[in-house]
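So you can see what is in the structure, the chains are spelled out below.
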Amino acid sequence: MQTGINSGGTMVTQHAPTVSTKRNQPFSALSGICTLLCLVAVATHASAATRLIDDADIANQANTADWLAYGRTHNEQRFSPLKDINQGNIGQLAVSWFLDLPNDVGLVSTPLVADGILYFTGTMNIIRAVDARSGKLLWEYDPQVARAVAGHKKAGWVHSRGISLYGDKLFAATWDGRLFALGLKTGKLVWSTRTYDMSEALYITGAPKAFKGKVLIGNGGTESGPSRGYVSAYDADTGKLAWRFHIVPGNPADGFESAAMEMAAKTWTGKWWEHGGGGNAWHGFTFDDELNAVYIGTGNGSPWNRKIRSPDGGDNLFLCAVVALDPDTGEYKWHYQTTPGETWDYNSNMDIVLADLKIDGKVVKALMHAPKNGFFYVIDRRTGKLISAEPFADVNWATHVDLATGRPVERAGARYEDGEENIFPSPFGAHSWHAMSYNPQTGLVYLPTLHTSADFVDKSVDPDWKAVAFVGGTAVDWSQGKDPRTYPGSLQAWDPVNQKQIWSIPQQHSWASGTLTTASNLVFQGQADGWLIAYDATNGKEVWKFDTGLGISAPPITYKLDGKQMISVLVGYGGGMASRITPGAEDLGWAYGVHKRRLVTFALDGEINKLEQPPAQFAEPILEAGFDVDPVLAAQGEVIYGEQACSACHGLGVIAGGMAPDLRASAMPLSEMERFFVNIVRDGERVGRGMPGYPEITNHQIEALRHYIRQAAHASPEGSN
Ligand code: CA
């Protein structure tokens, strides 16, 4: 019987990652001597002249030896000029080395490469530096996130999408709200600063963005409490706050931080500040070195439902927008709002890609953006003026975007005016944080797409609804609606100039990774079912694939060392879908603590043609003999399970998708184990593995949770007989 619980309860740093470079090599062979090797390697690198990474380096598209920033270069295109791996030889591509990450869970981040060293962030914000030639671990830094969140009810996930490099430092942000700098060569902490107070129901999953001697960070948390979004830029050398830009206005009685906030306040009604307003910038930061601007993709409203948030209407600036700021001062330059007066969780936190596009015979400094709302936007980034917008997925909240006004034309009923409506796309969006790439040779964008709809219902919402910190809420109920298509995801090639789809690959599982495109006319994407696939960039024909044995959510990168093109990717299904916030992930059989999470690197002379992984494994719910489920208690437990965001890791309906133990199959909630269950839930005994403690939870609430879990176990197909 698979219980879904690992023995032990060890802290993450107690198992060293292990590297393998040859087929059949024992996974643990190098772990024992790793510490010694690390010290030697660090000493060697420390003696070399220290490279100072600057904006010219990060903007340099011809530099193929490194991958210095989230989207490779400042333009965020994820396009590499490398052609060594091409359609003529891709059949030889195999694993050169891989590094096992025994304590990691969901891996969603983009690794960075500088001077032959690959840096990445894993589960619980642990930062690692690895020799990109061999996979040897050079150093590891653990920001002790578990210790920081101990005793706090936290929101969000233990994930991070990336890090940033600048000067001689690496920058990362933690789940609990710290931004810190490490010495690139040493892995030692240089500075650390707190970007929000621990009392705030916020979290950080995003990569900081470094530019012009500063490091920018925002946060997530719009659904976790009354939240007012902002971004902050810190001095890269000292960690001192340089500037902060609020995304939504506060209470006018307190005065406005800027003229931009005064302008924004005119677009709100009611007492929005009591709800926070939202707008949290959890992803989507792009620095424009040509025009000296930083573009921020902003979040949805807090709460989602505008009838509650801003009852007399209004656009609610700067929700769901691209906002251009002065990178030196944080001053507002322009904005383009993709979803005025949002009421569907249609945030605009998705990536922002810069390119020169030839439109109507003229070269335009364009910005491309495909937010949740299902429209693909091309914007003149000198002014923020909309050039074009067309739907790239099924959309029924708006009929089109009026190019004269730049505004979407909503259809009647879209705002669930009558209290109920089926809307495409769902709050997952037609595109989420999985990065799109742009290939200037094909002129196409390679866009990971989701196909879902949602039934919104707000008939029973209390007009006096108020958000409570650390208790999830949106002021509107929603559930997954009918499937607009027979497939939940797709990869599509989108022509941004003519705003039309060129090709599309339907995918039977949604939540594929971000994409990478190369000058050899290839597009790479990792799949939820574990395949890394290369497509012909022109026609979408599959030209190569490799089964990594575990779902991939992180985007692949490429770089060239010693005359050899390498492709690296983190393997470890993660993010909201892996948390099974919607059904589907459990069908993949990626089990917590079973499948090996890994950093995998491919090259043409790689010698490993198969990565060993256990087969798909499905939870077997435990039927507790003699346990009578009390439906009243179980119903109370369901509410607690939802409010405390248990589903964020343990899955909707107590069916896990691999991010955490499936509680139906866990021994912990069984009656005879109750005191262990209390230790874990109330006392935070497993906080080291990402399970926060809930110190205020009562015995009655714990009992209610146990009844809800048993009810789910007994009701599941495996449990009902
Ligand atoms: Ca949201």
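Residues numbered from 1 in each chain as written. Predicted model: local features only at pLDDT ≥ 70, side-chain atom pairs only at ≥ 80, totals over all residues. Heavy atoms only, no water.

Attention shifts here to the overall build of the protein chain. Within the protein chain one finds nine helices and 41 strands. Radius of gyration (C-alpha) of the protein chain: 24 Å, near the 27 Å computed for a compact globule of 721 residues. Residue burial in the protein chain is summarised as follows: out of 721 residues, 63% are buried. The contacts in the protein chain between residues at least 6 apart in sequence include a share of 64% that link residues at least 24 apart. Accessible area for the protein chain stands at about 24,800 Å²; split by element, carbon and sulfur atoms hold 51% of it. (Helix = DSSP H or I, 4+ residues; strand = E, 2+ residues; numbered from the N terminus. Rg over C-alpha atoms; globule rule 2.2 N^0.38 Å. Buried < 20%, exposed > 50% of the residue type's maximum accessible area, 1.4 Å probe, protein only. Contact = heavy atoms within 4.5 Å. Areas by Shrake-Rupley, 256 points an atom, 1.4 Å probe, with all protein chains shown as cover.)

Let us look at the coordination of the calcium ion. Within the protein, the calcium ion binds to Glu-223 (OE), Asn-300 (OD1) and Asp-345 (OD); these donor distances fall in the range 2.3 to 2.4 Å. Written as a sequence motif, the donor residues of the calcium ion are E-x76-N-x44-D. With Glu-223 in the loop between strand 13 (214–217) and strand 14 (230–235) and Asp-345 in the loop between strand 21 (332–337) and strand 22 (352–359), this pair connects stretches of sequence that are 122 residues apart. The exposure class assigned to Glu-223 is partly exposed, which follows from its relative accessible area of 24%. Classification of Asp-345 by relative accessible area gives buried; the value is 6%. (Donors = N, O, S within 2.8 Å, 3.2 Å for Na, K, Ca; no water.)

At a closest axis distance of 7 Å, the pairing of helix 6 (residues 631–643) and helix 9 (residues 699–715) adopts a crossing angle of 100°. Classified by the angle their axes make, helix 6 and helix 9 are roughly perpendicular. Side by side, helix 6 and helix 9 meet where Pro-631, Leu-633, Ala-634, Gln-636, Gly-637, Glu-638, Ile-640 and Tyr-641 of the first sit next to His-700, Gln-701, Glu-703, Ala-704, Leu-705, His-707, Tyr-708 and Gln-711 of the second. Each residue belonging to the contact of helix 6 with helix 9 can be placed in one class, and the counts come to eight nonpolar, six polar and two charged. (Axes fitted to C-alpha atoms, helices over the stretch in contact; angles between N-to-C directions. Parallel < 35°, antiparallel > 145°, perpendicular 65-115°, else oblique. Nonpolar A, V, L, I, M, F, W, Y, C, P; charged D, E, K, R; others polar.)

Reading across the sheet, the four strands line up as 4-5-6-7 and stay open at both edges, with antiparallel pairing between neighbours. Two strands in the sheet have a free side with no partner beyond their single neighbour: strand 4 (112–114) and strand 7 (137–141). On average, adjacent strands in this sheet sit at an angle of 20° to one another, irrespective of strand direction. Here strand 5 (residues 117–121) pairs with strand 6 (residues 127–131) via five bridges, running antiparallel. From the neighbouring strand, Tyr-119 faces strand 6, where its bridge partner is Ala-129. (Pairing = 2+ DSSP bridges.)

Okay, the environment of Glu-620 next. Along the polypeptide, Glu-620 turns up in the loop between strand 41 (598–603) and helix 6. Measuring from C-alpha to C-alpha, the distance between Glu-620 and Ala-665 comes to 5.5 Å, with 45 residues separating the pair along the chain.

A separate point is the nonpolar core. Grouped together as the largest cluster of nonpolar side chains are 101 residues, with contacts concentrated most on Tyr-119, Leu-170, Phe-524 and Phe-602. The biggest single contributor to this core is strand 40 (residues 564–571), with five residues. When residues no more than four places from it in sequence are discounted, the contact partners of Phe-524 are Ile-85, Ile-90, Leu-93, Gly-514, Thr-515, Leu-516, Thr-518, Ile-533, Ala-534, Trp-544, Pro-556 and Ile-567. The next biggest cluster of nonpolar side chains, apart from the first, holds 27 residues, and it includes Ala-293, Trp-304, Trp-344 and Trp-397. (Core = buried A, V, L, I, M, F, W, Y, C linked by side-chain atoms within 4.5 Å.)

So, on to the packing of aromatic side chains. If you walk through the whole model with that rule in mind, you get 27 aromatic pairs. Seen from their ring centres, Phe-546 and Phe-602 are 5.1 Å apart, and the 80° between their planes marks the pair as edge-to-face. Of this pair, Phe-546 sits in strand 38 (residues 542–547) while Phe-602 sits in strand 41, and the two are 56 residues apart along the sequence. No difference in accessibility class separates Phe-546 from Phe-602, as the two residues are buried. Linked through ring pairs, Tyr-336, Trp-344, Tyr-346, Phe-375, Tyr-377 and Trp-397 together constitute an aromatic cluster. In this structure, Arg-78 is placed above the aromatic ring of Tyr-70, and the distance from its NZ or CZ to the ring centre is 4.4 Å. A cation over an aromatic ring shows up here: Lys-545 above the ring of Trp-531, its NZ or CZ 4.4 Å from the ring centre. (Phe/Tyr/Trp six-rings, centres within 6.5 Å; stacked < 30°, edge-to-face > 60°. Lys NZ or Arg CZ within 6 Å of the ring centre and 35° of its normal.)

On to the pairing of strand 21. In this sheet, strand 21 lies alongside strand 20 (residues 321–325) in antiparallel orientation, the contact comprising five bridges. The residue bridging Ala-324 from the neighbouring strand is Trp-334, located in strand 21. With antiparallel pairing between neighbouring strands as the criterion, strand 20 and strand 21 make up a hairpin whose turn holds six residues, including Gly-330 at a positive phi of roughly 80°.

On to the sheet that holds strand 28 (residues 420–423), then. Spatially, 28-31-32 is the arrangement adopted by the three strands of the open sheet, whose pairing is antiparallel. Only two strands of the sheet have a single partner each, and these edge strands are strand 28 and strand 32 (477–480). In this sheet, adjacent strand axes meet at a mean angle of 20° when their direction is disregarded. Bridging between strand 28 and strand 31 (residues 454–457) involves four bridges; their strand directions are antiparallel. The residue of strand 31 that forms the bridge with Glu-421 is Phe-456.

The element strand 33 (residues 489–495) is extensively covered by neighbouring structure, given that seven of its seven residues are classed as buried. Because side chains alternate across strand 33, one face comprises the buried residues Gly-489, Leu-491, Ala-493 and Asp-495, and the other comprises Ser-490, Gln-492 and Trp-494, equally buried. Pairing between strand 30 (residues 444–450) and strand 33: six bridges, direction antiparallel. By the bridge assignment for strand 33, Leu-447 is matched with Gln-492. What sits between the antiparallel neighbours strand 33 and strand 34 (residues 500–507) is a turn of four residues, in which Gln-499 has the positive phi angle 50°.

Per-chain confidence: the protein chain averages 91 in pLDDT, with 92% of residues scoring 70 or above. Low pLDDT, under 50, characterises residues 1–14; the stretch is placed with 37 contacts to residues that sit more than four places away or in other chains. Segment residues 24–47: pLDDT under 50, and 27 contacts once partners within four positions in sequence are set aside and those in other chains are kept. (pLDDT = per-residue confidence, 0-100.)

Turning our eyes to something else, we now look at the domain arrangement of the protein chain. Taken domain by domain, the protein chain holds domain 1 (55–603) and domain 2 (631–715). Distance between the C-alpha centres of domain 1 and domain 2: 30 Å. Opposite the 31 residues of domain 1 that make contact, domain 2 presents 24 residues. Across the domain 1/domain 2 interface, buried area totals approximately 2,000 Å², and carbon plus sulfur atoms make up 60% of it. The interface formed by domain 1 and domain 2 contains zero salt bridges. Applying the counting criterion to the domain 1 and domain 2 interface returns one residue pair in polar contact (both at pLDDT 80 or more). Of the residues contributing to the side of domain 1 that touches domain 2, the split by class is 18 nonpolar, eight polar and five charged. (Domains from an automatic or database assignment. Buried area = accessible area lost by both parts, 1.4 Å probe. Salt bridge = Lys/Arg side-chain N within 4 Å of Asp/Glu carboxyl O. Polar contact = N/O pair within 3.5 Å; in protein donor to acceptor, adjacent residues only side chain to side chain.)

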